[in-house]
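What follows is each chain in one-letter form.
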Amino acid sequence: MTAKTVPVDTFDLVIFGGTGDLALRKLLPGLFRRYADGQIPEDSRIIGVARDKLADADYRSKVGEALATVVRGEASLQSKLEPFLQKLGYHALDATLDTGWQAFAEELLTHGERIRVFYLSTSPGLFVDICTRLKAHGLNGGKSRVVIEKPIGKDSASAAVINDAVGSAFPESRIFRIDHYLGKETVQNLMALRFANILFEPLWNANYIDHVQITVAETVGLEKRATYYDGSGALRDMVQNHLLQLLCMVAMEPPAAMEADAVRDEKLKVLRSLRPISNDEAAQATVRGQYRAGASNGCAVPGYVEELAALQPGRTDSRTETFVALKAEVDNWRWAGVPFYLRTGKRLAERVSEIVVAFRHVPHSIFEHGAGPVMANKLVLRLQPDEGVKLWLMIKDPGPGGLRLQHVPLDMSFAEAFGVHQPEAYERLLMDVVRGNPTLFMRRDEVEAAWKWIDPILAAWETLREAPKPYTAGSWGPSAAVALIERDGRTWHEDEA
Ligand code: NAP
């Protein structure tokens, strides 16, 4: 079975930061796949922008190298590589200076009015400069749109500065705040499971759901993003955006239609229903951790501070958290009393992102003791590394003999079974931007509401002034994170399969 590919309209896509990590590792491979799949019209252009003085040919060979691994994995893509590279151009520009912008604008406008996407794959410190200059050179016209990457600020106040600046150049309907988790197949499938089936929705509330867990665990450490990460930490880098967005997808009410503002209105209501975590509650409801030396994927790895010192000579200490676990409560009729446990961290035991919806136990077991325990149902939506959905059910152990019970997963991941290529999140989201469909992007008020909930936690941590709790690299985080959930008589989900 092959998925139907509908070509998008011809476009120009400008990637500010076109030589950076995100562009080379995610955006350009995503665009290449869409091109190879026939979704990108031949006369579209992709233009990289950065300060480095490169000729078009240099840029093409740089991108060609980055795409070599994609092609190596799939020989059928080889014949598409050269034609794709021919769509690429490059323009050297310093976003902070006026020089060169006029020529850049003229080059873009040679093709007249067409869809123009400006992807700001640079540090957020440049968003204001870039948007101001796009506007000054008339590049913010009716068919243009802008994509901005996280982090959108460090708190409510700094997010407002960025949103104001971007908003002064582009109307909200043409601002695409990307959260790539929302482009994942499984997250879309969550919408389908919830709203295209009658089975789950009647159970999707405090009467039948005991709690929800959302885990986004990475095995990598600091990598090269020392300055950004050390000034940010896991709460701002992961929870404010990815984890809260996933929470919204689980907790939202059915939107009136699968339409951008209807979906985002419902997510916004969830964010506004999050119970604030006060200074007094923060010590119990949140855990901050920082990894120490340990092992990752079988290799010895240094601790966070040592990694930081290697990148920033002279650093001997840091209080930045590389791990967060917290208990969130959604104060509305559907979710009253149902905790949402969130955790995320670097250098954890496994790279895994998943949502676990844990149902309540049956009210009474009719089975004899020898049948074994009656375990509660769980719906596990895995986003990484392999996307899939499993519903854990109790069945009778097959075969003769007495009635014994077994907890088994019903695998509901059909894409693999049908041999369908699951597009990377960025592939889908980039095409949505070209189509002008913002359903899977964050609206300004959502970002603001998320910060409004995060700000008091940051303030409480400032007041507590506790050092982050140490954990060994390669573990599941500090023991306090285990205590956080076990205090409530629950445990973090472990895949039994
Ligand atoms: P990066 O590797 O440091 O790349 C930054 C890019 O911006 C480079 O192409 C750089 O090229 C260019 N640049 C820097 N200063 C410039 C200036 N004054 N004018 C024009 N171009 C300039 O960063 P990245 O990892 O790709 O991240 C880009 C953005 O995406 C950041 O906001 C990051 O937080 C976000 N993000 C990244 C990832 C990821 O996986 N990498 C994931 C999620 C979000 P020159 O130095 O040659 O100018």
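That block above? That's the structure.
Numbers given to residues run from 1 along each chain, matching the order in which its sequence is written. Thresholds applied to this predicted model are a pLDDT of at least 70 for local features of residues and 80 or more for the giving and counting of side-chain atom pairs; totals over whole chains, interfaces and linings are not thresholded and use all residues. Side-chain metrics rest on all non-hydrogen atoms present in the structure, leaving aside hydrogens and water.

Caption draft 1: Representation of the site of the ligand. Any residue with a non-hydrogen atom lying within 4 Å of a molecule or strand is treated as near it. Around the ligand there are 22 residues in total, and Thr19, Asp21, Arg25, Arg51 and Thr122 lie nearest to it. Definition of a polar contact: a pair of N or O atoms within 3.5 Å, with one able to donate and the other able to accept a hydrogen when the atoms are protein atoms, and with sequence-neighbouring residues admitted only if both atoms are side-chain atoms. Leu22 is positioned with one of its backbone polar atoms (N or O) 2.8 Å from an oxygen atom of the ligand. Lys150 has a polar backbone atom sitting 3.2 Å from an oxygen atom of the ligand. Each helix is a run of DSSP H or I of at least 4 residues and each strand a run of E of at least 2, with the numbering of both proceeding from the N terminus. Here the shell around the ligand gets three residues from one element, more than from any other, and that element is helix α1 (residues 21-36).

Caption draft 2: Region of the structure containing the nonpolar core. Residues belong to one nonpolar core when they are buried, are Ala, Val, Leu, Ile, Met, Phe, Trp, Tyr or Cys, and are joined through side-chain atoms within 4.5 Å. Remark: exposure states derive from per-residue accessible area (1.4 Å probe, protein chains only) relative to the maximum for the residue type, with buried under 20%, exposed over 50%, and partly exposed in between. Ranked by internal contacts, the top residues of the largest apolar core, which has 151 residues, are Phe16, Leu247 and Phe340. If you tally residues by element for this core, the top one is helix α9 (residues 234-251), at 12 residues. Counting the residues that make up this core, at least three belong to each of domain 1 (11-178) and domain 2 (182-486). Residues count as neighbours in contact if any of their non-hydrogen atoms are within 4.5 Å of one another. Sequence-distant contacts of Phe16, defined by excluding residues within four places in its chain, comprise Val49, Leu93, Trp101, Phe104, Phe118, Tyr119, Leu120, Ser121, Thr122, Ile130 and Leu134. Domain start and stop positions are those given by an automatic or database domain assignment.

Caption draft 3: Inspection of the pairing of strand β12 (residues 339-345) at higher detail. Here β12 lies mainly inside the structure; seven of its seven residues are buried. Residues Pro339, Tyr341, Arg343 and Gly345 of β12 are buried on one face, and the alternating residues Phe340, Leu342 and Thr344, pointing to the opposite face, are buried as well. Strands are labelled as partners when DSSP assigns at least two bridges between them. Direction of pairing for strand β7 (residues 209-217) relative to β12: parallel, over a ladder of six bridges. Within β12, the residue paired with Val212 across the bridge is Phe340. The pairing of strand β11 (residues 323-329) with β12 spans seven bridges and is classified as antiparallel. Counted as the bridge partner of Lys327 is Tyr341 from β12.

Caption draft 4: A look at a nonpolar patch on the surface. Each patch is built from residues that are more than 30% exposed by relative accessible area and take part in no salt bridge. Like charges join if they lie within 9 Å; nonpolar side chains (Val, Leu, Ile, Met, Phe, Trp, Tyr) join within 5 Å. Accessible surface area values rest on a Shrake-Rupley calculation with a 1.4 Å probe, where residue burial reflects the displayed protein chains alone. Throughout this description, the term salt bridge denotes a Lys or Arg side-chain nitrogen within 4 Å of a carboxyl oxygen of Asp or Glu. A cluster of nonpolar side chains, namely Ile366, Phe367 and Leu403, defines an oily patch on the protein surface of about 310 Å² accessible area. Judged by its relative accessible area of 69%, Ile366 is exposed.

Such coordinate-based values are descriptive only and should not be taken to indicate function.
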